[in-house]
Amino acid sequence: MLQDHIQMQNGNKLMIKTKNEILNLLAGINDPEIPVLNIVEMGIVHRAFYENEKLIVEITPTYSGCPAMKVIEDEILDVMYSNGCDNIEVKKIFAPAWTTDWMTEKAKDKLKNYGIAPPEGKTEKDFFRDQNKKPVKCPYCKSVKTKLTNRFGSTACKSLHFCLECTQPFEHFKCI
Amino acid sequence: MSHQLNDYVRAALFEYLLRLGDDKLILGHRLSEWCGHAPALEEDIALANIALDCVGQANAFLTFAAEVEDKGRNEDDLAYFRNEIQFKNLLLLEQPNKDFAHTITRQFFYSSFGIYFFQDLAKSKLEFLAGISSKAVKETSYHLRHCKEWMRRLGDGTEESHRRAQEAVNDLWRFTDELFFKNDIDELLIQENILPDTNSLREMWRTYAEEILTQATLQIPQNENMQTGGRKGIHTEHLGHLLAEMQIVARSYPNAKW
């Protein structure tokens, strides 16, 4: 969603930063709650563009009460300042609403290797039906003999499960 | 978008956003009172998570409200420096937690309404309102799954859980009419095409709520006198106590930072 070329101001000089340069800088910032993923592959960075000589970075929360948003905003400002961009604004946006459908396959693999079962399939469009009727696959032993222990976990985006095969409790990134 | 509104519409939208924000703020605060006190650790986490979603949505609605009002107030001013009569939340949501059955029943009545209500609101032409509403739908669907299962388990559980769940339904049913409160503010915003018309909401909610309560072997009280007032700032005695606790720190140390 990033524009191909983003102009950034550095002192009196206008610097052109490419889409890749901006992306790489932002991709250096990890999600404070799930440090194995960065904010670009999570889909938290929605857009970045240049408006009246100012770089605007739009971020969107995974859940509306996500307490990590302030930390993420500070880190974006930090990274951009230290890379010569002091005319920047981070905007929190709600539309379109974040969905796990935006998470890349690579990000899902990283989650799995980290011990968090990734969201599977697409988000349920029927809001009354129970999601995850199918047991979630254990990220440790890959067994499907698991049970849901709590629909809510240590952060708003995760649920708690228990593997009956390897007796390991684990977290699952909910599909939303 | 909000810059293009005339003063009349702006005032109506501000009032409407206070309703949405206050609903979530007061419910979120009530749920947070369970933190560290819930019947089981899992439930403690669940209620705190639902509270967090509510407070997060409240933050968004009140931020937007302050922006629409455009009088130099921010979301914290609206949350901490308004008095009881200026709060526009539903009476249902300020009712005390009492026991677990009351908390779950309150949540069930509200979430089952919210799932329809916010799906409609997600169609608003105001991008911000549509965005936060579509987020609210997703979060509400988790809240609803959680409390709907508890309704069934409590109602169709032991003799005592059934008794307590039925008591909760009896106590709280009279506040459900207010979920569908509408006045000239709604009419104006519908006319202005800011709000979708939600006439079928009541029937859809009633059918769904009845279905779950029947599964839970619970009865809907008959001939109940419905209570309203929250939308006009006329509250039950419970809101004042809640606000006193919620606002004391901000009012004792205005502009404190940490």
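In this report, we go over the structure that sits alongside the text. Nothing here was measured: the structure is a model prediction, and the numbers come from that model.

Next up on the list: the nonpolar core. Judged by nonpolar contacts, the single largest core of 122 residues is most densely connected at A:Ile76 and B:Phe108. No other element matches helix 2 (residues 41-69) of chain B, which puts 13 residues into this core. Apart from the residues lying within four places of it in its own chain, the contact partners of A:Ile76 are A:Leu26, A:Ile29, A:Ile39, A:Val57, A:Ile59, A:Ile88 and A:Val90. Core analysis: the second largest hydrophobic core is formed by five residues, A:Ala117, A:Val136, A:Cys138 and A:Phe170 among them.

Let us now look at the interface of chain A and chain B. The interface is formed by 29 residues belonging to chain A together with 31 residues belonging to chain B. Of the roughly 2600 Å² buried between chain A and chain B on both sides combined, carbon and sulfur atoms contribute 61%. Summed over the shared surface of chain A and chain B, the result is one salt bridge. Connecting chain A to chain B are eight residue pairs in polar contact (both at pLDDT 80 or more).

On to empty space enclosed by the protein. To find the voids left in a structure, one rolls a probe of water-molecule size over its atoms. Residues and elements named next belong to chain B. As enumerated under the stated definition, the model contains one cavity of 30 Å³ or more in all. Put simply, the largest cavity is a space of about 30 Å³. Around the largest cavity sit Lys 24, Cys 54, Gln 107, Tyr 110, Ser 111, Thr 140 and His 143, which together line it. At the level of elements, helix 5 (100-121) and helix 6 (127-155) are the ones that each hand at least two residues to the lining of the largest cavity. Its residues assigned to classes, the lining of the largest cavity comprises two nonpolar, four polar and one charged.

All names here are of chain B. The terminal C-alpha atoms of helix 10 (residues 237-252), which comprises 16 residues, lie 23 Å apart, in line with the 22 Å expected from a rise of 1.5 Å per residue. The principal kink in helix 10, of about 40 degrees, is found at Met 246. Looking at helix 10, one finds that the buried residues are Leu 239, Leu 242, Leu 243, Met 246, Gln 247 and Ala 250. Against the buried residues of helix 10 lie helix 1 (7-32), helix 3 (75-80) and helix 4 (91-94).

Okay, the pairing of strand 4 (residues 54-59) of chain A next. Residue and element names in this part refer to chain A. Extensive coverage of strand 4 is indicated by the burial of five of its six residues. When strand 3 (residues 45-51) meets strand 4, the two strands line up antiparallel, connected through six bridges. Paired with Val 45 across the bridge in strand 4 is Ile 59. Remark: two residues form the turn of the hairpin made by strand 3 and strand 4, two consecutive strands paired antiparallel; Asn 52 in that turn has positive phi of roughly 45 degrees. As paired elements, strand 4 and strand 5 (residues 88-92) share five bridges and run parallel to each other. By the bridge assignment for strand 5, Val 57 is matched with Val 90.

The rules we used
- Residues numbered from 1 in each chain as written.
- Chains lettered and ligands numbered in written order.
- Predicted model: local features only at pLDDT ≥ 70, side-chain atom pairs only at ≥ 80, totals over all residues.
- Heavy atoms only, no water.
- Core = buried A, V, L, I, M, F, W, Y, C linked by side-chain atoms within 4.5 Å.
- Buried < 20%, exposed > 50% of the residue type's maximum accessible area, 1.4 Å probe, protein only.
- Helix = DSSP H or I, 4+ residues; strand = E, 2+ residues; numbered from the N terminus.
- Contact = heavy atoms within 4.5 Å.
- Buried area = accessible area lost by both parts, 1.4 Å probe.
- Salt bridge = Lys/Arg side-chain N within 4 Å of Asp/Glu carboxyl O.
- Polar contact = N/O pair within 3.5 Å; in protein donor to acceptor, adjacent residues only side chain to side chain.
- 1 Å grid on protein atoms, 1.4 Å probe; cavity = no way out; pocket = protein on both sides within 12 Å on 5 of 7 lines; lining within 4 Å.
- Points joined across faces, edges and corners; volume = space filled by probe spheres on them.
- Nonpolar A, V, L, I, M, F, W, Y, C, P; charged D, E, K, R; others polar.
- Expected span 1.5 Å × (residues − 1).
- Bend = angle between axes of the 7 residues up to and from the residue.
- Pairing = 2+ DSSP bridges.

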